[in-house]
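This is what each chain is made of:
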Amino acid sequence: LFDTGGEITARIGRQGDNIWADCIVDSSSRTNVSVECTTSSIHTTGLYTVQVLFDGHSRDAPGKFNYTDDPTIVEVSPLKSFSSGGRQLTIKGTNLRIVQNAAVRASTSGENRRKRQATERTEQCTIESDSTMKCP
């Protein structure tokens, strides 16, 4: 179904409010049973209809899509670590469960006698709840 025909587009919105946001279709993701798209921003959180358009003819997807507030970070602890690392960070915030790729990046810089040295490291975090994630 999704891999036939011509142009496939998608949008998310509410027909009664006439609020629609584009959902950019990844044409390489099209199969006969699904299509993937990337959402754009919308001004009001809540439940919305996902609509797929086949050559301009629309079909509503079953269920509703939920736009929520963006995640926030309100606290990071501890705020200091040893230069060798090894401290676990606890990050507190809101709406953390909607993060698709939670990671922390740490960078250090220092100087020796001849040149400045900088290092950077990225580690994946574990989301424990909507308000807490842990990072190694």
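Parameters at a glance
- Residues numbered from 1 in each chain as written.
- Predicted model: local features only at pLDDT ≥ 70, side-chain atom pairs only at ≥ 80, totals over all residues.
- Heavy atoms only, no water.
- Salt bridge = Lys/Arg side-chain N within 4 Å of Asp/Glu carboxyl O.
- Helix = DSSP H or I, 4+ residues; strand = E, 2+ residues; numbered from the N terminus.
- Buried < 20%, exposed > 50% of the residue type's maximum accessible area, 1.4 Å probe, protein only.
- Pairing = 2+ DSSP bridges.
- Phe/Tyr/Trp six-rings, centres within 6.5 Å; stacked < 30°, edge-to-face > 60°.
- Lys NZ or Arg CZ within 6 Å of the ring centre and 35° of its normal.
- Patch = residues over 30% accessible without salt bridge, like charges linked within 9 Å, V, L, I, M, F, W, Y side chains within 5 Å.
- Areas by Shrake-Rupley, 256 points an atom, 1.4 Å probe, with all protein chains shown as cover.
- Disulfide = S-S within 2.5 Å.

Enquirer: Honestly, the pattern of salt bridges in this entry has me stumped. Any pointers?
Expert: Two side chains bearing opposite charge may form a pair once their charged atoms approach each other closely. For the coordinates displayed, the defined rule picks out 2 salt bridges. For R105, the salt bridge goes to E120, with nearest N and O atoms at 3.9 Å. With R105 in strand 9 (residues 103–111) and E120 in strand 10 (residues 116–124), this pair connects stretches of sequence that are 15 residues apart. When its relative accessible area of 55% is taken as the criterion, E120 is described as exposed.

Enquirer: Is there a simple way to think about the pairing of strand 8 (residues 89–94) in this case?
Expert: Residues in a regular strand point their side chains to alternate faces of the sheet. With 5 bridges joining them, strand 7 (residues 72–77) and strand 8 adopt antiparallel strand pairing. What sits directly across from E75, in strand 8, is K92. Sheet analysis places strand 8 next to strand 12 (residues 132–135), joined by 4 bridges and oriented antiparallel. Across the sheet, T90 pairs through a bridge with K134, a residue of strand 12.

Enquirer: Is there a simple way to think about the packing of aromatic side chains in this case?
Expert: Each aromatic ring pair is characterised by the separation of its centres together with the angle its planes make. Scanning all chains against the criterion turns up 2 aromatic pairs. For the pair F65 and Y67, a centre-to-centre distance of 5.2 Å together with 80 degrees between the ring planes defines the contact as edge-to-face. Among the aromatic side chains, those forming a connected cluster through ring pairs are Y48, F65 and Y67. Across the ring face of W20, the terminal group of R11 is positioned such that the distance to the ring centre comes to 4.0 Å. Over the face of the ring belonging to Y48 we find R14, whose NZ or CZ atom lies 4.1 Å from the ring centre.

Enquirer: Sorry, what's going on with the sheet that holds strand 7 here?
Expert: What links the strands of a sheet is backbone hydrogen bonding, and the strands pair in either a parallel or an antiparallel sense. Taken together, 4 strands build an open sheet; the order of strands is 7-8-12-11 and the sheet is antiparallel. Two strands lie at the open edges of the sheet, namely strand 7 and strand 11 (126–127), each paired on one side alone. Bridge count for strand 11 against strand 12 is 2 bridges, and the pairing is antiparallel. Among the inter-strand pairings, T126 is bridged to a residue of strand 12, identified as K134.

Enquirer: Honestly, a nonpolar patch on the surface in this entry has me stumped. Any pointers?
Expert: Taken together, the side chains of I73, V76 and L79 make up a nonpolar region of the molecular surface, amounting to roughly 320 Å² of accessible area. If you trace the backbone, L79 turns up in the loop between strand 7 and strand 8.

Enquirer: I keep staring at the state of the cysteines and nothing clicks. Help me out?
Expert: Note: disulfide means a covalent bond formed between the sulfur atoms of two cysteine side chains. Counted by the stated rule, this structure contains 2 disulfides. At a sulfur-sulfur separation of 1.9 Å, the disulfide partner of C23 is C37. Where C23 bonds to C37 through sulfur, the torsion about that S-S bond is close to 80 degrees, and the disulfide is right-handed. Taken together, the residues span a long stretch of sequence, with C23 in strand 2 (residues 19–26) and C37 in strand 3 (residues 36–39) at a distance of 14 residues. A relative accessible area of 4% means that C23 is categorised as buried. The partly exposed category is assigned to C37, whose relative accessible area is 30%. One disulfide bridge connects C125 with C135, the sulfur atoms lying 2.0 Å from each other. Residues C125 and C135 are joined by a disulfide whose S-S torsion is about 110 degrees; by sign, that bridge is right-handed. Highlighted residues: C125 in the loop between strand 10 and strand 11 and C135 in strand 12, separated in sequence by 10 residues. Numbered in order of appearance, the disulfide-bonded cysteines of the protein chain are paired 1-2, 3-4.

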